[in-house]
Every structure is written in structure tokens, then in C-alpha cells.
Amino acid sequence: MRAELPMVLLAREVRVVNLTVGYAGTFDALAWLLGTIEDGAFVPLTAAQTSLAMSLDPNKVTAADIKRIGGTLVLLDWKTAKGIHTDYVIQAHAYLAAEFCVTSKRDKRLTDLLSDALFGGLVHLRPSGWALHLFPYEDEAVRAFLGSVAFARFLAKYPHPEPIFAATFRGESNETDEEIADDD
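So, here's what we can say about the structure. (Residues numbered from 1 in each chain as written. Predicted model: local features only at pLDDT ≥ 70, side-chain atom pairs only at ≥ 80, totals over all residues. Heavy atoms only, no water.)

## Quick word on the pattern of salt bridges
Going by this rule: Put simply, a salt bridge is a Lys or Arg side-chain nitrogen that is within 4 Å of an Asp or Glu carboxyl oxygen. Exposed residues in this analysis have more than 50% of their type's maximum accessible area, buried residues have under 20%, and partly exposed residues fall in between, with area computed by a 1.4 Å probe over protein chains only. Starting at the N terminus, helices and strands are each numbered in turn, a helix being any DSSP run of H or I of at least four residues and a strand any DSSP run of E of at least two.
What the rule picks out here adds up to four salt bridges. In this structure, Lys 79 engages Asp 77 in a salt bridge whose closest nitrogen and oxygen atoms are separated by 3.2 Å. Here Asp 77 falls in the buried class, since its relative accessible area comes to 3%. Note that Lys 108 is salt-bridged to Asp 112, the shortest N-O span being 2.8 Å. Taken together, the residues span about one helical turn, with Lys 108 and Asp 112 both in helix α4 (residues 108-116) at a distance of four residues. Judged by relative accessible area, Lys 108 falls into the exposed class, the value being 60%. Taking the relative accessible area as the measure of exposure, Asp 112 reaches 29% and is therefore partly exposed.

Dropping the structure here:
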């Protein structure tokens, strides 16, 4: 994959946190693609830019280095399932929307890199090959994630609906459940 899409892995298995919303997670990798994505195609950096990028220590690369040299920051998530699913994209957006990165403590360099990452990517690894599915950061996907967080919290608070009811009224009927089912 790296032969076809030259990249530098800047971080692996990094915990991200969003205190405002109240979630944390761990992304698989933050990669510096040594090129740009233009009209669905990969356009590599020049040989001089690539050489300069490869000469840097990946553990010290900053957002300023990438702006100066060029390329594309991408948050990557490895997937080995048979298929790719929309919820994988939503998960990656949650990582991209994190407020900060944590290694042994808050990591400013990685946080700055993550905030500059405008793409997420699903690396689909299968025995017969690989695929890199890139997608731009979209506020709509973050809202979908936040909606699922709110729904999960609501269900955790109310696993049964009774506490939500303001009142319950019951009465008798001369029909049975079986008669009603037959009418369907």
C-alpha cells in the first residue's frame, strides 16, 4: 500500500478525548500522505518534497512541517471485516472531532496534527488485498455520532419507558389480544 500511496505514519494507537461531549476512544493511525487528493486521484508530492518529508523524524513532525512541505493528513482506521459499513465512517469522525490527544499526558503536537486532519480513511485489509477509502471531515457525520451518543445515554437512563410516562390510564375491553392479531 505504501508503495502506491507513499505515507509517513506519525502516530499509532492514540487515545483521543472530547470532554465537552463526554467520550474517548483510540484511533489506529495518523498518517501523512505524501501527496494530495484531487478529483478522486492521488497526486504525489515532488521528489524533493518526498525526500524532505522522509528525512524528518515521524515522532517530531509538526503541523507546520506538513503545511511547509505539503501533503495530506489522514486519520486511519484499520478494518478487516468482509465489508465496509457507514458506522465505521461515523466512528472515525468521532475521533476527528476529539478535543485533544493523550499519550502519557495531553499531547499538543498530536492534538495540533489531529485538528489539521481534514480526511479520515478506512484501510480495508483482506487476505487478497487492500483498499484505502478516504472521506472528508463532515459536520453532518459528527452530528450523526452525537445523536447516537444522546440516544444511547437516553436508553441507559430509561431502559424501560415507565419513568417517562406522566400518567397511565387503563381500562377494560371485551376484545382479546388474539382477536386483534387476527385483524392485522
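Now that the structure has been shown, the text picks up again.
## Quick look at the packing of aromatic side chains
Just so we agree on the cut-off: In summary, the pairing rule links any two rings of Phe, Tyr or Trp, Trp by its six-membered ring, whose centres are within 6.5 Å, and it sorts them by plane angle into stacked for under 30 degrees, edge-to-face for over 60 and tilted for everything else. Two limits define a charge over a ring: the Lys NZ or Arg CZ must be within 6 Å of the ring centre, and within 35 degrees of the ring normal.
Scanning the entire structure with this criterion turns up two aromatic pairs. Centre to centre, the rings of Tyr 23 and Phe 145 are 4.9 Å apart; their planes meet at 75°, and the pair counts as edge-to-face. Of this pair, Tyr 23 sits in strand β2 (residues 23-33) while Phe 145 sits in helix α5 (residues 139-157), and the two are 122 residues apart along the sequence. Across this residue pair, the class does not change: Tyr 23 and Phe 145 are buried. Across from the ring centre of Tyr 88, 4.3 Å away, lies the NZ or CZ of Lys 79, which sits over that ring.

Keep in mind these values describe shape, not function.
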